[in-house]
Amino acid sequence: MNNEYFIFLNLELTKFHIVIYSIAVFLMILNVIYTLRLPKFRLLLFSMRTILILILLLVFLEPSFEKREYFYSKNKIVALYDYSKSMNLPLNSSNSRLYQLKESFKQGLSYLNSLKNSYHIFFYKFGEELLSATEEEISNLKAESDKTNILKILTTVLEEHEISQIDSLFISSDFINTEQSIKGDEPIFDILENKKVPINIQIPRESKIKDIRISDVKHDNYSFVQNKTSIEFSVICSGYKNLHSKVFLYEDGNKIGEDSVFCGENEIVSKHKFYFKPDKTGSYVFDISIPIDKDEVLQKNNRYSFIMNVIRDKIRVVQVVGSPSWDVRFLRQYLKNHPDVDLISFFILRTLNDIALVPQNELSLMPFPTHELFSNKLNTFDLIIFQNFDYAPYHLHPYLNKIKEFIEKRGGGFVMIGGDKSFGKAGYNKTVLHDILPITIPDIQPQESYIPIESGYKITKEGIESPFFKFNLSKNGQKEILSSLPTAEGLNITEIRNDSTLLAETGLIKGKKHPLIASRQVQKGRTMAIMTDSMWKWNFHELSSITHKQLYSYFWDKTIKWLIQDPDLNLIKIVGDNKEFKPEQPITFSLQGVDYQYKPLKSGKIDYSVTSISSKNRVEKTGTITLDSEGRGDAIFSLNEEGGYKLELILSENSVVLEKRDVVILVKDDSKEYLLPEINYQFIEKMRERKNVKILYSDDSYSDMLLKKKEITSVKRVYRSIWDSWIVILIFLSLFLGEIYIKRYKLS
């Protein structure tokens, strides 16, 4: 509210008014002449008569006094402060963007308070959402929002406040918009300009930053084992000229790719593409990283991490057969008809030592491709089957160590099936494969290591609990099927290892039982040994509980899944598929342990440890989960540092380890705030071209901000006349009587 004062006189120039003004002038002349003739009191009487004449003139002019009170609308100032994470830049700096914002606010607060008599001031902080804030909250603001959506924020402001009531809009930000790019030509800014709303844009004052970052990464979340996969990305160099560097690709901490980076005088983007071929199924942490330069404003974006799941399009199986048989025929037929199996079979019908009476190129039987199969192509397979196969005639001995590495290091599967050319009869007890088999071959004569004897299958307790013989859900049905299994014809003499699982054995043969089927976990891989070549007879025993299934196909289906470590057969079940977490976020894995019959493990436990992939020897967390009556339990922990981690799980019951399983997890700040660390100067320059826009830096005064000119909403007028006041009459009478007194008593 403002006040103004006015005095009004009746100064019309009519004939009557001219006559009155003339009389007043004439009286003043007479007053002068008269007072000059007086011997004394001239000045006093002149002044008194002059005032009397003026009073008479003022009465005629009817002077009046007017007081006007102006009332203005108390509109709004809306102040918005960015608290997104990009305001923390430069990281680890005492002069970050957020620090500049808060210091500017503290210095300008007194000016804002001076406006509160004339304006309603609303304070907000914003990131992805608009949040009301107090002065104290702005003074102690923390940049913690993962996203910025300025267009959404402005839309919300106009929804909460009538645009005609906004006298000033103040936005303090770096204007890095993560949800969509903003250039200053968006319709909402046109609306504000057309409504003549003053926009004050405050930005931090900072020099040109230096930053190297990974950007525009394109990759699939899934890839197929042994199939070529690509990862595309760009390296963006800000503030550098003619930069030479390197970029690396890591898989679980192991470098698998490297490329050169060059950003020229005018070119700031370097595009790259890595190709690789996953050799094993599972989940892996991939890292793309660039060496950090000491002058960089931000180091977090020099690295981009993600998890890729490698799955099978087909289960690749190589079957090497020593000689044709019924057992070979049925297994090959099963594998060929399996929709998920890609089978390569080799039937050995002649050796390299066989005498050929014709040239090599005229023979219809090709030699066994030993080198190609076990050197060049070995890692393309998931499972190797040696079925009644003698390695010696094919000069395979130098390659057996590669098969061992395929199992132990790569995690492949291997099964050896018996017969008169297998196990001890083939001399495997003198090879490295003997170390990975679940059985040992006794040191006996080769002719004694295979006996053509008939024996029944005695499924052990461990075998009954395993998935291989779970033919019926009821115990009675299971017992009936297992008691009617076909007999085994032919037996390879072996002994079970201490760290292996005996699944089936013979009855008493000369007072001793012998292993028939055994399995073993060998480092990363799994092996199985079947000490007979007559399981083909199981094909004629149908299961009443599983439609269109024979014992034979059911057994081999579970066996292959177990050997290739199919997740369906894991004893440790993980509920949920989330593997990416934020730093310091509580990480919870809901786990369930089951026994070999896949029933909840009621009295078991799961020991876990969390190891950093980049620092393989550093254990971050450990713990033990005691499973409840349903075999369930939770692993709860948190990790502070970004990077890939391996969660190692060990399921045990009564101190007996049932299964070990690894799960990779990724801890990363997935905020987009650090992808574009530069202030959005393109937006600033575009806004500078608009009307009613003021660009302020953090060290500029708040008093420089634009405010809309206030509009008068109402006027209150107060009138008072002067000429008819009793004070005027009193003055007139006092002067008139004073003159009479002086003339009568002082001049006589």
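Residues numbered from 1 in each chain as written. Predicted model: local features only at pLDDT ≥ 70, side-chain atom pairs only at ≥ 80, totals over all residues. Heavy atoms only, no water.

Some thoughts on the pattern of salt bridges
For the structure on display, the rule yields 35 salt bridges. Linking Asp174 and Arg97 is a salt bridge whose minimum nitrogen-to-oxygen distance equals 2.9 Å. With Asp174 in the loop between strand S6 (166–172) and helix H6 (187–194) and Arg97 in helix H3 (residues 97–114), this residue pair connects regions lying 77 residues apart in the sequence. Considered together, Asp174 and Arg97 belong to a single accessibility category, that of buried residues. With a shortest N-O distance of 3.0 Å, Arg316 and Asp342 are connected by a salt bridge. A residue pair is termed long-range when its members are at least 10 positions apart, and Arg316 in strand S16 (residues 315–321) and Asp342 in strand S17 (residues 341–347) qualify at 26 residues. With a relative accessible area of 22%, Arg316 lands in the partly exposed category. (Salt bridge = Lys/Arg side-chain N within 4 Å of Asp/Glu carboxyl O. Helix = DSSP H or I, 4+ residues; strand = E, 2+ residues; numbered from the N terminus. Buried < 20%, exposed > 50% of the residue type's maximum accessible area, 1.4 Å probe, protein only.)

What about the environment of Asn680?
Within the fold, Asn680 resides in the loop between strand S35 (656–667) and helix H13 (681–688). Each C-alpha atom, one on Asn680 and one on Phe175, is 5.5 Å from the other, the two residues being 505 residues apart in sequence. For Asn680, the contacting residues outside a window of four places in its chain are Asp174, Phe175 and Ile182. (Contact = heavy atoms within 4.5 Å.)

Regarding the packing of aromatic side chains
A full pass over the atoms with the stated rule returns 35 aromatic pairs. Centroid distance Phe170 to Tyr702: 4.9 Å. Interplanar angle 40 degrees. Geometry classified as tilted. A residue pair is termed long-range when its members are at least 10 positions apart, and Phe170 in strand S6 and Tyr702 in the loop between strand S36 (693–697) and strand S37 (712–721) qualify at 532 residues. With respect to burial, Phe170 and Tyr702 carry one shared label: buried. Members of the aromatic cluster, each reached through a chain of ring pairs, are Tyr457, Phe468, Phe469, Phe471, Trp538, Tyr554, Phe555, Trp556 and Trp562. (Phe/Tyr/Trp six-rings, centres within 6.5 Å; stacked < 30°, edge-to-face > 60°.)

Quick notes on the nonpolar core
Counting 75 residues, the largest nonpolar core has Phe386 and Ile517 as its most contacted members. The element contributing the most residues to this core is helix H12 (residues 551–563), with eight residues. In contact with Ile517, not counting residues within four places along its chain, are Tyr457, Phe469, Thr501, Leu502, Leu503, Ala504, Met528, Ala529, Ile530, Met531, Met535 and Phe555. Formed by 28 residues, the second largest nonpolar core is a distinct cluster that contains Ile153, Leu154, Ile182 and Ile203. (Core = buried A, V, L, I, M, F, W, Y, C linked by side-chain atoms within 4.5 Å.)

Structural notes on the pairing of strand S7 (residues 199–203)
The side chains of a regular strand alternate between both faces of the sheet. Of all five residues in S7, five are buried; the element is thus mostly enclosed. The alternating pattern of S7 places Ile199, Ile201 and Ile203 and Asn200 and Gln202 on opposite faces, both of which are buried. Each parallel crossover has a hand, and for S6 linked through H6 to S7 it is right-handed. Bridge count between S7 and S36: five bridges; the pairing is parallel. (Right-handed = clockwise from strand over helix to strand, strands pointing away. Pairing = 2+ DSSP bridges.)

A word on the confidence of the model for the protein chain
For the protein chain, mean pLDDT is 85; residues scoring 70 or higher make up 89% of the total. Predicted confidence in the protein chain is weakest over S37, with a mean pLDDT of 59, and strongest over strand S19 (residues 413–417), with 97. (pLDDT = per-residue confidence, 0-100.)

Section: the sheet that holds strand S13 (residues 269–276)
Across the sheet, three strands lie side by side as S8-S10-S13; this open sheet has antiparallel pairing. On the outer flanks of this sheet lie strand S8 (211–218) and S13, each paired with one strand and no other. When strand polarity is set aside, the average angle formed by the axes of neighbouring strands in this sheet is 25 degrees. Two elements, strand S10 (residues 229–238) and S13, share eight bridges in a ladder whose sense is antiparallel. Note that in S13 the partner of Thr229 across the bridge is Phe276. (Axes fitted to C-alpha atoms, helices over the stretch in contact; angles between N-to-C directions.)

With respect to H3
Taking 1.5 Å as the rise per residue, H3 with 18 residues should run 26 Å; its terminal C-alpha atoms sit 26 Å apart, in good agreement. At Gly108, H3 shows its largest bend, some 45 degrees. Considered for burial, the residues of H3 that qualify are Arg97, Leu98, Gln100, Leu101, Lys102, Ser104, Phe105, Gly108, Leu109 and Leu112. Contact partners of the buried residues in H3: strand S3 (76–82), strand S4 (120–126), helix H4 (135–139), S6 and S7. (Expected span 1.5 Å × (residues − 1). Bend = angle between axes of the 7 residues up to and from the residue.)

Quick notes on the layout of surface pockets
Taken as a whole, the second largest pocket holds about 810 Å³ of empty space. Taken together, 33 residues make up the lining of the second largest pocket; nearest its centre are Arg303, Tyr304, Lys668, Asp669 and Leu675. Contributing elements (two or more residues each) for the lining of the second largest pocket: S8, strand S15 (303–311) and S35. Classifying every residue of the lining of the second largest pocket gives 13 nonpolar, eleven polar and nine charged. (1 Å grid on protein atoms, 1.4 Å probe; cavity = no way out; pocket = protein on both sides within 12 Å on 5 of 7 lines; lining within 4 Å. Points joined across faces, edges and corners; volume = space filled by probe spheres on them. Nonpolar A, V, L, I, M, F, W, Y, C, P; charged D, E, K, R; others polar.)

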